[in-house]
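Topology and contacts: notes
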Amino acid sequence: MTRGDDIQLHTLIKEARMQQVTINSERLWQSLMALGKIGEQDNGGMYRPALSPEDQQAREWLVSQMESMGLEVKVDGALNVIGRLKSQSPKTEQVVAMGSHIDTVPNGGKFDGAYGVLAALECVKSLQENQVTLPFDVEVISFCDEEAAHNAGTVGSRAMMGRLLPGELEKAKIKGEKPFRYFLEQLGHSFAAVETAQRNADEFLCFLEAHIEQGKVLESRQQSIGVVTGIVGVYRYIVTVTGEAAHAGTTPMSMRKDALVEAAPVFTLIPQWVHEQNPDMVGTIGQVTVLPGASNVVPKECRFLVELRSQQSQDMQVVRDKLINYANLRHGWNIETIYEKDSVVLDDHMISCLSVVTEAAQLPYITMASGAGHDAQSFAPSVPTGMIFIPCLAGVSHNPKEWITEEDASNGCQVLMDAVRHLATQV
Ligand SMILES: [Zn+2]
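About the cut-offs
Residues numbered from 1 in each chain as written. Predicted model: local features only at pLDDT ≥ 70, side-chain atom pairs only at ≥ 80, totals over all residues. Heavy atoms only, no water. Helix = DSSP H or I, 4+ residues; strand = E, 2+ residues; numbered from the N terminus. UniProt positions renumbered as here; feature names shortened; annotations may be inferred. Phe/Tyr/Trp six-rings, centres within 6.5 Å; stacked < 30°, edge-to-face > 60°. Buried < 20%, exposed > 50% of the residue type's maximum accessible area, 1.4 Å probe, protein only. Contact = heavy atoms within 4.5 Å. Polar contact = N/O pair within 3.5 Å; in protein donor to acceptor, adjacent residues only side chain to side chain. Salt bridge = Lys/Arg side-chain N within 4 Å of Asp/Glu carboxyl O. Pairing = 2+ DSSP bridges. Donors = N, O, S within 2.8 Å, 3.2 Å for Na, K, Ca; no water. Axes fitted to C-alpha atoms, helices over the stretch in contact; angles between N-to-C directions. Core = buried A, V, L, I, M, F, W, Y, C linked by side-chain atoms within 4.5 Å.

Examining unusual backbone geometry
With an omega dihedral of 5°, the bond running from L291 to P292 counts as a cis peptide bond. Here P292 lies in the loop between β9 (282-291) and β10 (297-298). You will see that Q214, though not glycine, has its phi angle at about 65°, which is positive. Looking at the secondary structure, you find Q214 in the loop between β5 (204-212) and α7 (217-220). The backbone phi angle of Q362 is positive, close to 55°, even though this residue is not glycine. Among the structural elements, Q362 can be located in the loop between α11 (348-360) and β14 (365-370).

Digging into the UniProt feature "domain: Peptidase M20 dimerisation" (unreviewed entry) in the protein chain
With numbering aligned to this structure, UniProt lists the feature "domain: Peptidase M20 dimerisation" (unreviewed entry) at residues 232-328. With 35% helix and 35% strand, residues 232-328 has end C-alpha atoms that lie 28 Å from one another.

Re the packing of aromatic side chains
With the rule as written, the count across this model stands at twelve aromatic pairs. Feature note: the residues F267, W273, F304, Y326 and W333 constitute an aromatic cluster, connected by ring pairs.

A short note on the UniProt feature "binding site: Zn(2+) 1" (unreviewed entry) in the protein chain
When the UniProt feature table is mapped onto this chain numbering, "binding site: Zn(2+) 1" (unreviewed entry) sits at H101, D112 and H211. Taken along the chain, the residues just named run across 111 residues; in space they keep tight, none of their C-alpha pairs more than 9.6 Å apart. What makes D112 buried here is its relative accessible area of 6%. In this structure D112 touches H101, D103, E147, H211, I212, Q214, S397, H398 and E402, once residues within four positions along its chain are discounted. In this structure the side chain of D112 is engaged in a polar contact, spanning 2.9 Å, whose partner is the side chain of H398. At 3.5 Å, the side chain of H211 and the backbone nitrogen of G113 are in polar contact.

Describing the pattern of salt bridges
According to the stated counting rule, one finds 21 salt bridges in the structure shown. Among the ionic pairs, R320 bridges to D321, the shortest N-O distance being 3.0 Å. On the basis of relative accessibility, which here comes to 18%, the residue R320 falls in the buried class. According to the relative accessible area criterion, D321 is partly exposed, its value standing at 34%. The network of salt bridges with common partners includes R84, K86, D137, E139, R199 and E203.

Topic: the pairing of strand β2 (residues 81-85)
When you tally the buried positions in β2, you get five out of five residues, the bulk of the element. Burial along β2 is two-sided: the face carrying V81, G83 and L85 and the face carrying I82 and R84 are both buried. Alignment of strand β1 (residues 72-75) against β2, held across four bridges, turns out to be antiparallel. Within β2, the residue paired with V73 across the bridge is G83. Here β1 folds back onto β2 in antiparallel fashion, the turn holding five residues, of which L79 has a positive phi close to 65°. Bridge analysis of β2 against strand β4 (residues 137-143) gives five bridges, and the strand direction is antiparallel. Within β4, the position partnered with L85 by the bridge is V138.

Focus on the coordination of the zinc ion
At the metal site, the zinc ion is ligated by H101 (NE2), D112 (OD) and H211 (NE2), and these contacts range over 2.0 to 2.2 Å. Expressed as a motif, the donor residue spacing for the zinc ion is H-x10-D-x98-H. Remark: H211 occurs in strand β5 and D112 occurs in the loop between β3 (95-101) and α4 (114-129); sequence separation between them is 99 residues. This pair shows no difference in class: D112 is buried, exactly as H211 is.

Some details on the sheet that holds strand β11 (residues 301-310)
Spatial strand order, β9-β11-β7-β12: four strands in an open sheet with antiparallel pairing. The two strands at the open ends of the sheet, each matched to only one other strand, are β9 and β12 (333-341). Direction aside, the axes of adjacent strands within the sheet are offset by 15° on average. Judged from the nine bridges that link them, β9 and β11 form a sheet pairing that is antiparallel.

Here we look at the environment of R320
Tracing the backbone shows R320 in helix α10 (residues 313-328). When sequence neighbours within four positions are dropped, the list of residues in contact with R320 reads Y235, Y237, L308 and E340.

Here we look at the side chain of Q223
Here Q223 lies in the loop between α7 and β6 (225-231). By relative accessible area, Q223 is classed as buried at 16%. One polar contact links the side chain of Q223 to the main-chain carbonyl oxygen of R221, over a distance of 3.1 Å. Every residue in contact with Q223, bar those within four places of it in the chain, is listed here: L218, P364, Y365, I366 and P391.

Some words on the nonpolar core
One finds L32, L62, M98, Y115, F204, L208 and I404 to be the most contacted residues of the largest nonpolar core, which totals 83 residues. Sorting elements by how many residues they give to this core places α4 first, with ten residues. In this structure M98 touches A120, C123, V124, V138, E139, V140, I141, F207, L208, L416 and V420, once residues within four positions along its chain are discounted. Within the second largest apolar cluster, 22 residues are counted, among which are C302, V306, M316 and A327.

This is the structure:
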């Protein structure tokens, strides 16, 4: 901590003594369990992919929660749910926004995303209950399709920050599946309205996201809070290698144009390029499709998904360029970009604010980078953005076994609340 942080900390402890506002951890847990019923499966896991009937039901549940609190509620063109608590004595028009997402991966858990939305909502409930007057409005936002159900993820938060790529919502994740646009229209919404979700970055004083860690670092180091310093970048591509289908019995090896064999060397080259570039970087080929896909036909097409992640966008660019060069030297190769999300560094002032309030609450914490993408990533390049992690059991996530303790949930929510109140002293 710097001397500045130290002074901040003492001011904060003084503030806290004057008026402690404690969040209601029991109520937070009850709302987590209530939302966890929507799309719950027999094994306890969640099925609530974006734009599914379950996701729609969860959105309606959230809207009714916000309405019953008297918030100004809006569902925007990208199906983000926004609940706004108006300030009684505003000193700025800028809003403090907090949130995450309520969609899940198929067979996911109850806390990924939902925790951030409901912790933010609990903060607002506690602010109302304690009649705390803030100098700014506060928004709770639940972003649509963070989990990439239909192609690229963080759709709602990127729509809000104007970061969607042209045409990406009209592309399916896998050939033959339906794109985001289809499901949106099925729900009776206009595709053209998605762009109306875009807002000016100047509207936001800051954006704060609380999330489960989805890793084991906090648990293994017995820390209550992780203050996030940066979020890993993610680049994804579909590579298609075209060969020629032929009879597997009658076509000699020398006369084949086998698409799988042509593609195969790159499956080991990519991990090699990644490792050479940066030992902390990761690269994955998570899906390979071979067509027509029969034991007696030489593959005519091999299609695979390449994903690169790094704290340094530059590293991902180097490996991507190696892949492009490799493909350019050969026949029948095509590389399509699904998306390129650059790594981001979170705001210093937000990192310091979150660290200081965590310290004042006497919770053990560390600063750390996030290896998973989050909605905060969409905000970070243009809005001062902060993020905290709470531990999750054994680091398990995207899994029915995903779990957190009531105490950790409560701690993260309190940190969020204290951060908002601390920010209020600086306006
Ligand atoms: Zn998430």
